[in-house]
Amino acid sequence: RIRAGPFMMNIEKLKEEQLAAARKVITTDDAGEIRTIGGCDCAYVNNTVIAAVVVCDDKLKIIEKQVAAVENDFPYMPGLLYYREGRAIKEAFSKLKNRPDVLLVDGNGILHPLRCGLASHLGVELDQATIGVAKTRLLGKEDEAGNIRVGSEIIGAEFKAKEHAKPIYVSVGHKVSLERAVDIVQKTTQPPHKFPEPLHLAHRLADKARKEMEK
């Protein structure tokens, strides 16, 4: 058990929640036509999680942006990012007047030991098409095609914005196939940035809110 806020959190119970959410994840294209793309990212000030959500049109121009700050001292633990950032992201997302057709999440989708990272858990909770875009690969090995496999199962793909860039890891969040997820990430990434533009914009917005809070 670990301490998180005033509660003692039972890790096994949280993993059971993740497994229950994983069973609801849809890994096929169920999002319809995609005209608007969102991105969400978080920043921190002490025990405050600042979530920023940005929604862009198909030309990657911002339609709407929202920020929410939530107190949460759940520690960073690999594989349990949803319990650190999920509440703040859902709060910011709930403020949107323009819900995106798909949401890019700075975290893993099914590229996760329990097949339910931040992007998948959020997708199920929000009933929202999501794509996981992560800096770290929690498990699996890349094959020659750049797919990430655990045994014969493909659970993600490595993506590089340009030849010598550090890779990022794309995975199905919810209601999107891996092929479509990679295609969306590719089309929304603009050099010199290695992350898709909606995520880059969300990161900048979260960082700006963090600096204002620290004043």
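See the structure printed just above.
So, here is what we can say about the structure in this document. Computed from a prediction, not measured in an experiment: that's the story for all the values here.

1. A short note on the packing of aromatic side chains
- Following the criterion strictly, the structure yields two aromatic pairs and no others.
- Taking 6.1 Å as the distance between ring centres and 35° as the angle between the ring planes, the aromatic pair formed by Phe 74 and Tyr 83 counts as tilted.
- Accessibility expressed as a relative area gives 14% for Tyr 83, which makes it buried.
- Considering the side-chain rings of Tyr 82 and Tyr 83, the 5.3 Å spacing of their centres and the 85° angle between planes classify their relative orientation as edge-to-face. Of the two residues, Tyr 82 and Tyr 83, neither departs from the other in class, the shared state being buried.
- Each residue in the set Phe 74, Tyr 82 and Tyr 83 is aromatic and connected to the rest through ring pairs, giving one cluster.
- Here the guanidinium or amino end of Arg 84 rests over the ring plane of Tyr 44, the centre of that ring lying 4.1 Å away.

2. Details of the nonpolar core
- In terms of nonpolar packing, the biggest core is built from 25 residues, with Val 53, Ile 89, Val 105 and Leu 122 touching the most fellow members.
- Going through the elements one at a time, α1 (11–22), β3 (37–45), β4 (48–56), β5 (62–71), α2 (82–94), β6 (102–106) and α3 (118–126) are the ones with two or more residues in this core.
- The biggest single contributor to this core is α2, with six residues.
- Among residues more than four places away in sequence, those in contact with Val 53 are Gly 39, Cys 40, Glu 64, Lys 65, Gln 66, Ile 89, Ala 92, Phe 93, Leu 96, Leu 103 and Leu 205.
- Counting 16 residues, the second largest nonpolar core, distinct from the first, contains Ala 129, Val 133, Ala 181 and Val 185.

3. Some words on a positive patch on the surface
- There is a patch of like positive charges on the surface, built from Lys 65, Arg 204, Lys 208 and Lys 215.
- Judged by its relative accessible area of 49%, Lys 208 falls in the partly exposed class.

4. Quick look at unusual backbone geometry
- Cis geometry is found at the peptide bond from Pro 191 to Pro 192, where omega equals 10°.
- For Pro 192, the location among the structural elements is in the loop between α4 (178–188) and α5 (197–214).
- Although it is not a glycine, Asp 127 sits at a positive phi angle of roughly 50°.
- Along the chain, Asp 127 falls in the loop between α3 and β7 (130–134).

5. Considering the sheet that holds strand β9 (residues 147–150)
- The mixed open sheet is built from nine strands, whose spatial order is β5-β4-β3-β6-β7-β11-β10-β9-β8. A single partner strand is all that each edge strand has here, and the edge strands are β5 and β8 (141–142).
- In terms of strand pairing, β8 meets β9 through two bridges, oriented antiparallel. Bridged to Lys 141 within β9 is Arg 149.
- The strands touched by α5 are β3, β4, β5, β6 and β7; relative to β3, the strand with the most contacts, the crossing angle is about 30°.

6. Here's the deal with the pairing of strand β10 (residues 153–159)
- Two strands pair when backbone bridges link them, and β9 and β10 are joined in this way by four bridges, in the antiparallel orientation. Following the sheet pairing, Arg 149 is matched in β10 by Ile 154.
- Counted along the chain from β9 to the antiparallel partner β10, the turn is two residues long, and its residue Gly 151 has a positive phi close to 65°.
- Summarising the sheet, β10 and strand β11 (residues 168–174) pair through three bridges and their orientation is antiparallel. Opposite Glu 158, over in β11, you have Tyr 169 as the bridge partner.

What counts, and at which threshold
- Residues numbered from 1 in each chain as written.
- Predicted model: local features only at pLDDT ≥ 70, side-chain atom pairs only at ≥ 80, totals over all residues.
- Heavy atoms only, no water.
- Phe/Tyr/Trp six-rings, centres within 6.5 Å; stacked < 30°, edge-to-face > 60°.
- Buried < 20%, exposed > 50% of the residue type's maximum accessible area, 1.4 Å probe, protein only.
- Lys NZ or Arg CZ within 6 Å of the ring centre and 35° of its normal.
- Core = buried A, V, L, I, M, F, W, Y, C linked by side-chain atoms within 4.5 Å.
- Helix = DSSP H or I, 4+ residues; strand = E, 2+ residues; numbered from the N terminus.
- Contact = heavy atoms within 4.5 Å.
- Patch = residues over 30% accessible without salt bridge, like charges linked within 9 Å, V, L, I, M, F, W, Y side chains within 5 Å.
- Areas by Shrake-Rupley, 256 points an atom, 1.4 Å probe, with all protein chains shown as cover.
- Salt bridge = Lys/Arg side-chain N within 4 Å of Asp/Glu carboxyl O.
- Lys, Arg positive; Asp, Glu negative; His and termini not counted.
- Charge placed at Lys NZ, Arg CZ, Asp CG, Glu CD.
- Pairing = 2+ DSSP bridges.
- Axes fitted to C-alpha atoms, helices over the stretch in contact; angles between N-to-C directions.

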